[in-house]
Amino acid sequence: MNGPTRQKSAALAVVAVGVSLTLGACTVPASSGTPSPSTNVLDRSTTSAAAIWEVALSPIAQPEVTDGVALVYAKTASGVTAHAVSVTDGKELWTQAVHPGIGAPGVSLAPAVTKTSTGESVAVYLQESAAPITSGGTSWWTAPVAVDLKSGKELYRGNPQLVESRPAACDDEKDMCFTSLNAQTRLTTQHRVNLSTGADSTGPDVNPITGNFRLVGNGLYSVVEDGKERLARVSAGNKLWEADVESLFGPGATTNLGWSFEYSKKLDLYIGSVGINPTTETDYVRLMEQTFTVDLTKHKTVGFRASTGEKLWTVEGSEKWCSSGVGKTETTLMDGNAFPVRCEYNQGTMAVPGGTYQNAEGKLVGYDPVSGEAKWQTTSTPIKAAADLLVPSPSRGDVVLTGGPDGMTMVDTLSGASRAATSDDVFLCSEAAKYPLPADAPFPVQPEGNLGTGGSMLFPCDRNAKAVPALTTGTLRDIPTADDGVAVLAQEGVLSGFKLP
């Protein structure tokens with residue numbers, strides 16, 4: 001796969017969530033048996049909650065909230081703008097235009113915040129720049145920009161570049177890292193900008209990987225060189241390991257058809273899935289113009305050591321895509337005791353594109369992330385839509401929602417205890433957000449038109465996932481973006497702040 005092909009197919013990264021995944025051996029069998037009976041009721045206040053402030057915007061993702069500031073991206077008629085808003089009173093502190101960069105459509109555009117070496121919070125993003133004379137005929141040249149989160153004062157502005165992996169915190173959670181693409185060679189360069197000095201460092205001391213590469217997880221890179229794709233782990237400028245992606249995930253495996261990797265620094269662990277080409281087609285653009293059927297029981301989830309690449313476990317008939325939006329703060333992946341969750345399937349197929357399920361049946365499983373061992377599971381149930389198994393709803397990882405024709409059930413991810421939602425319960429449901437891409441895109445227009453992928457908009461919903469007029473106090477605990485005792489929520493057309501009880 002050469003550079004231009006990689007650039008073109010990067011836009012497909014999120015489209016192929018339903019593509020069958022083939023991970024490795026060292027197999028852990030799917031869990032069996034029935035769940036333990038619920039012994040605890042999941043309490044949830046039904047007292048109505050009103051916003052203490054609102055800002056009329058059209059957000060495309062949930063905000064980043066820290067140091068008393070909420071940073072949110074909102075769409076306009078022609079693009080995207082960053083807004084910094086005071087968590088206390090909703091006052092707008094500053095605003096700037098944002099460009100998605102050359103790796104745009106298939107990678108969700110969401111705000112990014114990092115820290116300087118002295119601890120100040122900084123917003124990092126791309127802005128449109130004029131292409132240099134040596135542009136190679138490629139459009140969408142951008143400049144990486146860093147501004148003080150509170151004041152909006154510009155701290156750094158880079159040269160015009162073709163930026164693939166957008167600016168974000170480096171793997172030590174400081175400074176600004178991003179990758180750029182050489183217009184002539186189509187090879188990738190890793191950058192690290194010291195936000196205290198403005199020094200832009202590149203080369204093997206920053207990232208020793210060569211070829212065409214992009215970030216697919218925390219410190220985890222997909223690398224394409226000489227037509228082969230590898231995964232490589234880089235930490236503090238050192239390449240810890242690399243492995244052929246097919247040796248980890250099986251024949252046909254490729255991140256060009258999607259990826260989902262979760263990283264735990266505490267456990268030195270990655271848990272993830274990548275797409276697999278289910279046909280003999282080698283052009284990924286043509287592949288995604290086809291229709292095919294995915295056998296859900298062929299999905300797999302894998303856990304492997306972050307520092308060595310050693311594969312620890314693989315679970316057949318399961319996948320991680322469904323839980324990629326579930327929080328992990330209260331799980332064993334971070335500082336909590338609750339278990340992360342995966343989806344497991346007993347039978348059924350799913351059509352791609354469209355995501356239509358046929359004769360499908362599955363369940364949620366809470367598992368030990370180090371061993372892959374199931375710790376609890378829900379009762380297997382028919383699946384007609386993805387939300388029948390795991391309802392997309394924010395949390396800190398201690399509670400998830402499973403759906404179905406009779407409404408939602410709350411599941412405690414530590415014990416597996418559950419209860420059916422009542423008519424008085426209010427939750428947060430999500431829907432995907434899109435935004436208008438800039439003109440003259442350097443890749444084919446996507447099937448849905450000239451639109452890029454944002455994050456998700458959230459709205460208060462009842463047990464049947466239907467919108468309701470207002471949040472409740474019980475809903476506030478589900479909002480993952482909070483600071484200074486205020487939870488900040490991006491909804492369709494508005495950014496709101498709610499005082500936590």
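### Overview of the packing of aromatic side chains
Turning to step 1, where the next piece is worked out: Under the counting rule described, the total for this entry stands at 8 aromatic pairs.
Turning to step 2, where the next piece is worked out: Arranged with centres 5.5 Å apart and planes meeting at 35 degrees, the rings of Tyr270 and Phe304 form a pair that is tilted. Note that Tyr270 is positioned in strand β19 (residues 269-276) and Phe304 in strand β21 (residues 300-305), a separation of 34 residues in sequence.
Turning to step 3, where the next piece is worked out: The class for Tyr270 is buried, based on a relative accessible area of 0%.
Turning to step 4, where the next piece is worked out: Classification of Phe304 as buried rests on a relative accessible area of 1%.
Turning to step 5, where the next piece is worked out: The rings of Trp241, Phe249, Phe261, Tyr263, Tyr270 and Phe304 are connected pair by pair, giving a single aromatic cluster.

### Notes on the side chain of Thr475
Turning to step 1, where the next piece is worked out: Mapped onto the elements, Thr475 comes out in helix α4 (residues 473-476).
Turning to step 2, where the next piece is worked out: If we ignore the near neighbours within four places in the chain, the residues touching Thr475 are Arg44, Val426, Phe427 and Leu428.

### With respect to the pairing of strand β29 (residues 409-412)
Turning to step 1, where the next piece is worked out: The pairing of strand β28 (residues 399-402) with β29 spans 4 bridges and is antiparallel. When the sheet's bridge partners are listed, Val399 is paired in β29 with Asp412.
Turning to step 2, where the next piece is worked out: When β29 meets strand β30 (residues 418-420), the two strands line up antiparallel, connected through 3 bridges. Residue pairing for β30: Val411 is matched across the bridge by Ser418.
Turning to step 3, where the next piece is worked out: Counted along the chain from β29 to the antiparallel partner β30, the turn is 5 residues long, and its residue Gly416 has a positive phi close to 85 degrees.

### Remarks on the pattern of salt bridges
Turning to step 1, where the next piece is worked out: Considering all chains together, one arrives at 15 salt bridges under this definition.
Turning to step 2, where the next piece is worked out: For Glu242, the salt bridge goes to Lys239, with nearest N and O atoms at 3.5 Å.
Turning to step 3, where the next piece is worked out: A relative accessible area of 37% means that Glu242 is categorised as partly exposed.
Turning to step 4, where the next piece is worked out: For Lys375, the salt bridge is made with Glu373, and the minimal N-O distance between the two is 3.6 Å.
Turning to step 5, where the next piece is worked out: Judged by relative accessible area, which is 40%, Lys375 ranks as partly exposed.
Turning to step 6, where the next piece is worked out: Here the salt bridges share partners, and the residues they tie into one network are Arg44, Glu330, Arg396, Asp398, Arg477 and Asp478.

### Quick look at the nonpolar core
Turning to step 1, where the next piece is worked out: Residues Tyr73, Trp94, Tyr125, Val488 and Leu495 are the most contacted members of the largest nonpolar core, which totals 35 residues.
Turning to step 2, where the next piece is worked out: For this core, the secondary structure elements donating two or more residues are β2 (53-56), β4 (69-75), β5 (80-86), β6 (92-98), β8 (121-128), β9 (142-148), β31 (427-436) and β34 (486-491).
Turning to step 3, where the next piece is worked out: If one sorts the elements of this core by residue count, β4 sits on top with 6 residues.
Turning to step 4, where the next piece is worked out: Look past the residues within four positions of Trp94 in its chain and what remains in contact with it is Leu71, Ala82, His83, Ala84, Ala123, Tyr125, Val147, Asp148, Leu149, Lys150, Ser151 and Gly152.
Turning to step 5, where the next piece is worked out: Formed by 22 residues, the second largest nonpolar core is a distinct cluster that contains Met350, Tyr357, Leu364 and Ile383.

Calculation notes
- Residues numbered from 1 in each chain as written.
- Predicted model: local features only at pLDDT ≥ 70, side-chain atom pairs only at ≥ 80, totals over all residues.
- Heavy atoms only, no water.
- Phe/Tyr/Trp six-rings, centres within 6.5 Å; stacked < 30°, edge-to-face > 60°.
- Helix = DSSP H or I, 4+ residues; strand = E, 2+ residues; numbered from the N terminus.
- Buried < 20%, exposed > 50% of the residue type's maximum accessible area, 1.4 Å probe, protein only.
- Contact = heavy atoms within 4.5 Å.
- Pairing = 2+ DSSP bridges.
- Salt bridge = Lys/Arg side-chain N within 4 Å of Asp/Glu carboxyl O.
- Core = buried A, V, L, I, M, F, W, Y, C linked by side-chain atoms within 4.5 Å.

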